[in-house]
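Working through the structure, step by step
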Amino acid sequence: MKTKIVLLVTLLSTCSLFAQKQWTLKECVDYALKNNITIKQNELNVNLAEKDVAIAKGNFLPDLNGGANGSFTSGLSQDRSGVLKNTQNFNSSFNLSSGTTVFNGFRNLNTYKQAKLGVESSKLDLEVIKNDIVLRVTNTYLNALFAKENLEVAKTQFEISNKQIERAQAQFDAGAIPKGDLLNVKSTAANDLQNVVNQENALNLALLQLAQLLQVSIDNFNVEKIEINVPSSTLYYSDSKQVLDNALQNRPEIKRAKLAIDNADFNIKLSKGAYLPTFSLSLGMGSSYFHQFNNIIFPNDNFFSQINDRMQYSVGASLNIPIFNRFQTKNRVAKSMVSRKVSEIALENEKLQLQQTIEQAYLDAKAAAKTFEAAEISLEAQKEAFKNAQVSYDYGSMTQFDFDQVRNRLVNAEGAMIRAKYDYVFKTKVLKFYFGESIVD
């Protein structure tokens, strides 16, 4: 009776679980891409890179600066008649200046182009992060489905055990079997119930991991099943080279590594720009005002009149020709060229890693498909064997021990089938991911 109550509670909790809002894989991925903190941080990095472009663009414009200063002095000084006496004087000046760089070895131009390259690189960094999130969410989602199916299998086995208890109890009451056989059946049911609890915990943990990855509350959180098609060779493309060729053209990691070489080229140009002269222009205007507070012999000039009379204008040009700077420019150019070679090697390494990953993913997908097919065949055979064993057991021509052996083989086959199925699903999705296809539809 106690066992039945536990089963009833378990079934009710399961009904409550399935009554919850069930997230699809696409909903989980879309939500993660929209709300993940790491993605938001990298989106801000793109904004920062765009501001660098605006800053670099501003270097082409002239600047404009205004200034003013004033001072008050008290003490012995000449008044306007030239006589030394104690006076209180106020002096002030005003100026406006503008300057622009006409030529500086194309450094402004190359800095601007490099900043635009930085925006593209930041966007590719963001795309790499998003791809990583998509894979992680997909894998965690499939782990939750895997745990859910394991729980269903465990419950089915527990239901079978309960039916065996009823049958064994009736046989024991009729004196057909000894008490030891009845206790063995109850022990098997207790183990199956414990397995149900373990699988429930595994499912709750898998759902918790997915909810934490999405950064949502675990309350009322559940996932929706996805249809698993029979393995098909069309999913694996013709060979791994087909996937690799497409990945080399579209993967953000490769594009980012190529941009690093372009960035190194701009660093070389910027370093070489120091060999060239710099030419700049400047314009300026200014005026001043003077006032003696205790001068009663000669009246002070009007403020605006003084400003107008003392107005000055200036035009300037500056040419700086580098002749010798302790080999600093030469070494910076050489260093930039070495950095370019480092970027070239990094690109080759990125391509090699991508090739190895895709080749491994291709073989994994093929192996997973074969394992899936073999698991299906094995499961069908074990189901038939279990049906025959069930009939034999019901007629009393099979012992409890032999029946449990057949049932255990069925349980193992079901578990192997579930593992093979989700292993196949994830590994084929990984292959599609590198080919550039959507893995959430």
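Above this text you will find the structure in question.
The notes below deal with the structure included here. As the structure is a prediction and not an experimental result, all values here were calculated from the model.

1. A closer look at unusual backbone geometry
In this structure, Asn220 takes a positive phi of about 55° despite not being glycine. By secondary structure assignment, the location of Asn220 is in the loop between α5 (179–214) and β4 (222–223). A relative accessible area of 58% places Asn220 in the exposed class. Phi angles above zero are rare outside glycine, and Arg326 is one such case at about 65°. What makes Arg326 exposed here is its relative accessible area of 61%.

2. Some remarks on the nonpolar core
One finds Val137, Leu210, Leu214, Phe221 and Val223 to be the most contacted residues of the largest nonpolar core, which totals 76 residues. Sorting the residues of this core by element identifies α2 (25–35), α3 (37–58), α4 (107–173), α5, α6 (240–250), α7 (252–272), α9 (328–394) and α10 (400–435) as the ones contributing at least two each. Here the element with the most residues in this core is α4; it accounts for 17 residues. Core analysis: the second largest hydrophobic core is formed by six residues, Ala49, Val53, Tyr112 and Ala115 among them.

3. With respect to the pattern of salt bridges
Scanning the entire structure with this criterion turns up 11 salt bridges. A salt bridge links Arg340 to Glu344, with the nearest nitrogen and oxygen atoms 2.0 Å apart. Here Arg340 and its partner Glu344 are both found in helix α9, four residues apart, which amounts to about one turn of the helix. Since its relative accessible area comes to 23%, Arg340 is described here as partly exposed. For Glu344, a relative accessible area of 33% puts it in the partly exposed group. The shortest N-O distance in the salt bridge between Lys427 and Asp423 comes to 3.2 Å. Taken together, the positions of Lys427 and Asp423, both in helix α10 and four residues apart, correspond to about one turn of that helix. Look at Lys427 and you get partly exposed, because its relative accessible area is 25%. In this structure Asp423 comes out as partly exposed when scored by relative accessible area, which is 31%.

4. Looking at the packing of aromatic side chains
By convention here, two paired aromatic rings are described through the distance between centres and the angle between planes. Considering all chains together, one arrives at 13 aromatic pairs under this definition. Between the aromatic rings of Phe94 and Phe303, the centroid separation amounts to 6.2 Å while the plane-to-plane angle is 85°, which identifies the pairing as edge-to-face. Taken together, the residues span a long stretch of sequence, with Phe94 in strand β3 (residues 84–103) and Phe303 in helix α8 (residues 303–309) at a distance of 209 residues. Seen from their ring centres, Phe303 and Phe304 are 5.2 Å apart, and the 85° between their planes marks the pair as edge-to-face. The class of Phe303 is partly exposed, set by a relative accessible area of 32%. Each residue in the set Phe90, Phe94, Tyr289, Phe303 and Phe304 is aromatic and connected to the rest through ring pairs, giving one cluster.

The rules behind these values
- Residues numbered from 1 in each chain as written.
- Predicted model: local features only at pLDDT ≥ 70, side-chain atom pairs only at ≥ 80, totals over all residues.
- Heavy atoms only, no water.
- Helix = DSSP H or I, 4+ residues; strand = E, 2+ residues; numbered from the N terminus.
- Buried < 20%, exposed > 50% of the residue type's maximum accessible area, 1.4 Å probe, protein only.
- Core = buried A, V, L, I, M, F, W, Y, C linked by side-chain atoms within 4.5 Å.
- Salt bridge = Lys/Arg side-chain N within 4 Å of Asp/Glu carboxyl O.
- Phe/Tyr/Trp six-rings, centres within 6.5 Å; stacked < 30°, edge-to-face > 60°.

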